[in-house]
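Working through the structure, step by step
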Amino acid sequence: DGEYFRLADAMIRPRPVQQPGPPLLLGGSGNGILRRAGRWADMIHMTPAIGTEGTTTLPTVAAFTDATIAEKLALVREEAVRAGRAPDAVRYGTTIYSYAPTDSAAATKSLAEQMAPLFQVSPADFLRHPVSLVGTPEEMVDEIHRRVATHGLAEMTINFASPEQLRAFGENVLPRV
């Protein structure tokens, strides 16, 4: 029973082929969804909080940092253990909204210095920000490896600005991660 729907003895057919069922992915970063993910999900896809209007704000993005990812994942893992699951039962995924390839370390540094104030972080923290992936192919590979080692990153969705960016990522970064 809910506010908009009421179901009694509902059945879903055909039944899923996967057993015990299809993998469950939950998306969000609020404490409620993180607890539910720990109890039930196979993956949590975290992004900055989205308000009731379906949008996010710069302060919300600024508050969604590499450090807060660690805190949020700790909550997911604690809840998984409370539910009798392994602490690593829930994989972590995220979306990269700010994808910016560069052709040199100097260009990466310059771009980070320009973008960091928008995110209200230092240039170094901007380069580790969960919604950005910035740098040369080598820098991107290193950063993805860091996110995997630090947070257990298992999946990324990336917003590419052009087919050329997608192709370059597929040729120069993806084979190395």
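Source: prediction; values computed, not measured.

Examining the pattern of salt bridges
Tallied over the entire structure, the rule returns eight salt bridges. Arg82 is paired through a salt bridge with Glu79; the nearest N and O atoms lie 3.1 Å apart. Here Arg82 pairs with Glu79, and both are found in helix H3 (residues 66–82), just three residues apart, close to one helical turn. Of the residues examined, Glu79 reaches a relative accessible area of 7% and is grouped as buried. The shortest N-O distance in the salt bridge between Arg146 and Glu143 comes to 2.8 Å. Here Glu143 and Arg146 lie together in helix H6 (residues 137–151), a separation of three residues that amounts to about one turn. A single burial state applies to Arg146 and to Glu143, both of which are buried. One network of salt bridges, with partners in common, ties together Asp66, Glu143, Arg146 and Arg147.

Quick notes on the packing of aromatic side chains
Evaluated as defined, the whole model comprises four aromatic pairs. Between Tyr99 and Phe160, the ring centres sit 4.9 Å apart and the planes meet at 75°, which makes this aromatic pair edge-to-face. Here Tyr99, found in strand E4 (residues 98–101), pairs with Phe160, found in the loop between strand E6 (153–158) and helix H7 (163–172); they are 61 residues apart in sequence, far enough to count as distant. Using a relative accessible area of 26% as the deciding quantity, one classes Phe160 as partly exposed. Note on Tyr99 and Phe169: the rings are 5.8 Å apart at their centroids and 80° apart in plane angle, and the pair reads as edge-to-face. Of this pair, Tyr99 sits in strand E4 while Phe169 sits in helix H7, placing them 70 residues apart in sequence.

Here we look at the confidence of the model for the protein chain
Across the protein chain, the average pLDDT comes to 92, with 98% of residues at or above 70. Mean pLDDT across the secondary structure elements of the protein chain bottoms out at helix H2 (residues 58–63), with 82, and peaks at H6, with 97.

Cut-offs used in this document
Residues numbered from 1 in each chain as written. Predicted model: local features only at pLDDT ≥ 70, side-chain atom pairs only at ≥ 80, totals over all residues. Heavy atoms only, no water. Salt bridge = Lys/Arg side-chain N within 4 Å of Asp/Glu carboxyl O. Helix = DSSP H or I, 4+ residues; strand = E, 2+ residues; numbered from the N terminus. Buried < 20%, exposed > 50% of the residue type's maximum accessible area, 1.4 Å probe, protein only. Phe/Tyr/Trp six-rings, centres within 6.5 Å; stacked < 30°, edge-to-face > 60°. pLDDT = per-residue confidence, 0-100.

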